[in-house]
Structure formats: structure tokens, C-alpha cells
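Next come the chains, spelled out residue by residue.
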Amino acid sequence: MRILLTNDDGIHAPGLRLLAEVAADFGEVWVVAPDTERSGSSHAITLFRPLRLREVSERWYACDGTPTDCVYLGLHQLELAPDLVLSGVNPGPNLAHDVLYSGTVSGALEGAHWGIPAIAFSHFASDEALLPPLRPVLGPLLEQLIPQAKALGQTLNVNLPAADRMPFAGLRVTRLGARFYSNEVYERNDPRGRLYFWIGGSRVSMPDLPGSDCNAIRDNFVSVTPLADDITGHDRLAPLADALGVAMPEAAAKPDDRSRSRKA
Ligand code: MN
């Protein structure tokens, strides 16, 4: 099996190295990762400047783009034709709405978009010193989840509780919950006296939502959420069509995109 590995923390991130080492037991690992920290880059793709790909060691490539760019180049330039895309391990959770901001999750989603099963891994603790203790958990988890990711042909979003809470209580299949960050905007002056802003809240609240990824982590379970490519608000189709006095959209079968992962 060939595995394409990426992350959003950069090619030197300890979480990437850890996942590469564990994944090596399951196949031939190729790494295409951003050359610097790209956390919060979401599913961004670089279209209006050149991209550089640098081979840093055998089967390890650094790219000056986003995680999405990395997977794109791995598939369509290096033509790796992987059986699996892995992303992470991110130092910090990707729960609930986080998945929309996350470069880690988007790296996996980009793989799944091209028909490659994918798994994203995030760790609740942001302290990278807590990553190595996860190693004995990651192997069995990959063994359990790889066949499921392949069966679904989709992305599995995995969040691990903080390693200082090991042993974990088990594994839960979850839905995305809710997670609210405080809305800080820091206003400062740069060394030349010009105003700048730094955004991103530090305080987080997670309402109690049974079955959610947030609850699983709170209860010390590994959370596994299947993510679909389609973020249509299916439950809102009927009320919207009704309110606008138009017909419901036809339920069209989705095309099988798997063939797109190979160059014609
Ligand atoms: Mn990150």
C-alpha cells in the first residue's frame, strides 16, 4: 500500500514525523507537506503565484503552499497514486466547526475529493511534548480505521484526547458538535507605528451535545467522525424550496470520481 502523508504544521512538525513512523508499518510512506506552518489555511488552493516542491529526503517533499496544494501536487505532479491519504497529527483538536478552518482536515478532504480514502488525526493537547506517548495508540487505530476509510472512500476525522489522560476510554463514532471560541481581536502597533490586528479566541466553550465529537473528547474517548464532501444543508432543502415556491431539486446520483485520481 502507498500512503501520501501531509499536515498543516509544516514538514518539520513532530506530529508529522510521528505519523510517518507509525504509518510506515502499513505501507510505503510519501510525504508532501508545507514548508512552514499553515494551520488555519482551510481548503485554500494557490492559483496566483508559482508553487515550489523541494525534495528534502527520500520520499519527503516540502511545498511552499497549503495542505491542499501538497495533496494536489502529490497526486497530479508526483503521480503517487496513493491508496490512502493521512494528515496530521495536528497538535490541537479539530472538532465541530474547526474542520472548516483546519488545514489538517482539508489535506485529508482533498485526498477524498480525488477518490482516495483519507484520515485526519488531531490531538486535543497543543503541547507537542505530549505527542510521543500517542505512538502505541496510533498503530492499532490505523489498523482499525484504514479498512473503514477504504470501505467508505471518504474522510475520517479522528480526534484523540490529550495523551496525559491515557489510557483512553475507547472509541466513539461521532457527529460534529459545537465549539465556540471567544471573539478576541488584539489591536497593536507594529514597530513602524502602524496598526495591526491579531484574531482568534483562546477561550473555548463546548455545549453538551450527546453523540458529538466534543462530548467524546470530554469523556476521554477517541472520536471518529466520517466527513462527506457534500456540505449541502439537506434538511433545509424542502423548507427553502417550499418558501420560494419552487420544486425540490432532483436527487441526482453522484458521479464516481475515482478515475480522476489518475492522469488520463
Ligand atoms: Mn495545525
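The structure displayed is predicted, hence computed values, not measured ones.

## Description of the pattern of salt bridges
Where charged atoms from two side chains of opposite charge approach closely, those side chains can pair.
1) Next: One pass over the full model with this rule turns up 11 salt bridges.
2) Next: For Glu58, the salt bridge is made with Arg59, and the minimal N-O distance between the two is 3.8 Å.
3) Next: We classify Glu58 as exposed; its relative accessible area is 63%.
4) Next: Since its relative accessible area comes to 29%, Arg59 is described here as partly exposed.
5) Next: As a salt-bridge pair, Arg203 and Glu184 come within 3.8 Å of each other at their nearest N and O atoms. You can see Arg203 sitting in the loop between strand 11 (195-199) and strand 12 (204-205) and its partner Glu184 sitting in the loop between strand 9 (180-181) and strand 10 (185-189), a full 19 residues away along the chain.
6) Next: Judged by relative accessible area, Glu184 falls into the buried class, the value being 15%.
7) Next: Taken together, the salt bridges that share partners define one network made up of Arg172, Asp208, Arg218 and Asp219.

## A look at the domain arrangement of the chain
1) Next: Split into domains, the chain comes out as domain 1 (2-179 + 209-229) and domain 2 (234-264).
2) Next: One C-alpha centre belongs to domain 1, the other to domain 2, and the line joining them spans 27 Å.

## Considerations on the nonpolar core
1) Next: Counting residues in hydrophobic clusters, the biggest one holds 38 residues, and the most contacted among them are Leu86, Ile119, Phe121 and Leu160.
2) Next: In terms of residue count, the dominant contributor to this core is helix 5 (residues 135-152) (7 residues).
3) Next: Not counting the four nearest positions on each side in its chain, Leu86 is found in contact with Ile3, Leu4, Leu5, Thr6, Leu19, Ala23, Ile119, Phe121 and Leu142.
4) Next: One finds Leu4, Val105, Leu109 and Leu227 within the second-largest nonpolar core, a separate group that totals 20 residues.

## A look at the packing of aromatic side chains
1) Next: Evaluated as defined, the whole model comprises 2 aromatic pairs.
2) Next: With 6.4 Å between their ring centres and 10° between their planes, Trp30 and Tyr61 make a pair best called stacked. Of the two residues, Trp30 sits in strand 2 (residues 28-34) while Tyr61 sits in strand 4 (residues 60-63), which places them 31 residues apart along the sequence. We note that Trp30, like Tyr61, is buried.
3) Next: Between Tyr72 and Trp114, the aromatic rings sit 6.0 Å apart at their centres with planes inclined by 80°, giving edge-to-face as the arrangement.

Procedures and definitions
- Per chain, the residues get numbers from 1 upward, laid out in the order the sequence is written.
- Two thresholds apply to this predicted model, a pLDDT of at least 70 for residue-level local features and 80 or more for giving and counting side-chain atom pairs, whereas whole-chain, interface and lining totals are computed over all residues.
- Think of the side-chain values as coming from all heavy atoms in the structure, minus any hydrogens and water.
- Salt bridge, as used here, is a side-chain nitrogen of Lys or Arg placed within 4 Å of a carboxyl oxygen of Asp or Glu.
- Think of it in three bands: with a 1.4 Å probe and only protein chains considered, a residue is buried below 20% of the maximum accessible area for its type, exposed above 50%, and partly exposed in between.
- Secondary structure elements are taken from DSSP: a helix is a run of H or I of four residues or more, a strand is a run of E of two residues or more, and numbering for both begins at the N terminus.
- In this document the domain limits rely on a domain assignment from an automatic tool or a database.
- Among the buried residues, those of types Ala, Val, Leu, Ile, Met, Phe, Trp, Tyr and Cys that are joined through side-chain atoms within 4.5 Å form a nonpolar core.
- Whether two residues are in contact is decided by their heavy atoms, any of which lying within 4.5 Å being enough.
- Aromatic pairs are defined between Phe, Tyr and Trp rings, using the six-membered ring for Trp, whenever the two ring centres lie within 6.5 Å; interplanar angles under 30 degrees are classed as stacked, those over 60 as edge-to-face, and all others as tilted.

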